[in-house]
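Observations on chain architecture
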Amino acid sequence: MKPGHMKIARWIVSGVAIVFAVLLVVAYLLPRHALVTRAIDVAAPPAAVFALVGDLRRFNEWSPWAERDPATVYTFTGPTDGVGQTLNWSSKVPEVGAGSMKIDRLEPDKAVDVEIVFAGEGDAAATIALEPSTAGTTVTWTFDADLGLDPVGRYFGLMMDGQVGPDLEKGLARLKSVAEAKPVPG
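Reading the values: the criteria
- All residue numbers here refer to positions counted from 1 along the written sequence of the relevant chain.
- Given that this is a predicted model, residues contribute local features only at a pLDDT of at least 70 and side-chain atom pairs are listed and counted only at 80 or more, while totals for whole chains, interfaces and linings are drawn from all residues.
- Note: side-chain values were computed over all heavy atoms of the structure, leaving out hydrogens and water.
- Think of a 1 Å grid over just the protein atoms. A cavity is a set of points where a 1.4 Å probe fits yet cannot get out, a pocket is an open set with protein on both sides within 12 Å along at least five of seven lines, and lining residues have an atom within 4 Å of a point.
- Grid points are joined across faces, edges and corners, and a volume is the space filled by probe spheres set on the points.
- Helix and strand labels come from DSSP, where a helix needs a run of H or I of at least four residues and a strand needs a run of E of at least two; each type is numbered from the N terminus.
- For this classification, Asp, Glu, Lys and Arg are treated as charged, while Ala, Val, Leu, Ile, Met, Phe, Trp, Tyr, Cys and Pro are nonpolar and the rest, including Gly, are polar.
- In this scheme, a residue with accessible area under 20% of its type's maximum is buried, one over 50% is exposed, and one in between is partly exposed, where area comes from a 1.4 Å probe on protein chains only.
- By convention in these notes, a salt bridge is any Lys or Arg side-chain nitrogen within 4 Å of a carboxyl oxygen on Asp or Glu.

1. Some thoughts on the layout of surface pockets
As a volume, the largest pocket reaches approximately 1100 Å³. Along the walls of the largest pocket sit 45 residues, with Ile116, Phe118, Glu121, Phe143 and Val164 positioned nearest its centre. Breaking the lining of the largest pocket down by element, the ones donating at least two residues are helix H2 (46-53), strand S3 (86-90), strand S4 (98-107), strand S5 (111-118), strand S6 (122-132), strand S7 (137-146), helix H3 (151-157) and helix H4 (160-180). In terms of residues, the lining of the largest pocket owes the most to one element, S6, which gives 5 residues. Among the residues forming the lining of the largest pocket, the class breakdown is 29 nonpolar, 8 polar and 8 charged.

2. Notes on the environment of glutamate 115
Examined against the element boundaries, glutamate 115 turns out to sit in strand S5. A relative accessible area of 34% places glutamate 115 in the partly exposed class. With 12 residues separating them in the primary sequence, glutamate 115 and threonine 127 have C-alpha atoms 9.0 Å apart.

3. With respect to the pattern of salt bridges
Enumeration according to the criterion identifies 11 salt bridges in this entry. Where glutamate 169 meets arginine 38, a salt bridge forms, and the shortest distance between an N and an O atom there is 2.6 Å. Of this pair, glutamate 169 sits in helix H4 while arginine 38 sits in strand S1 (residues 33-42), placing them 131 residues apart in sequence. Assessed through its relative accessible area of 41%, glutamate 169 is described here as partly exposed. Note on arginine 38: relative accessible area 16%, which makes it buried. A salt bridge links arginine 105 to glutamate 107; the shortest N-O distance between them is 2.5 Å.

Structure below.
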């Protein structure tokens, strides 16, 4: 290789290394947590909404993900109610995947905290907060993905609101519909 070509090659390699280093530094300046929050007003009292969100066995009544793969296998472990309830799922559809949700904290008629483990994809947490309102209940659903030290994950975290936000909106709309439905007389 000619000396002039060697110099150009060194400049290119140095330039690529500098760009890579800058991208890496910027990644660690990005937030470690990607937070997505959506809210809706529901014309039902907090107790009626809590009955739906505080029981993982009722999750698929309003879940935005249940219809993506009707063949998903669900199993429940732990207590049948209260803290420790666990919903495990497994699907052959890649966008559904496999994982588990476990209730970590329940505040009757006020809040539910859920730990989420996506098999091979990482962990997250969700909180569904209930606040009495003139309409009935304001429901706020917050999804918090811990991106850890993965620099690529932190860049993907910038897109989390656009990816997860519409699902939360759909789930809240379904929750509203179920909570506001009048019971059928028996």
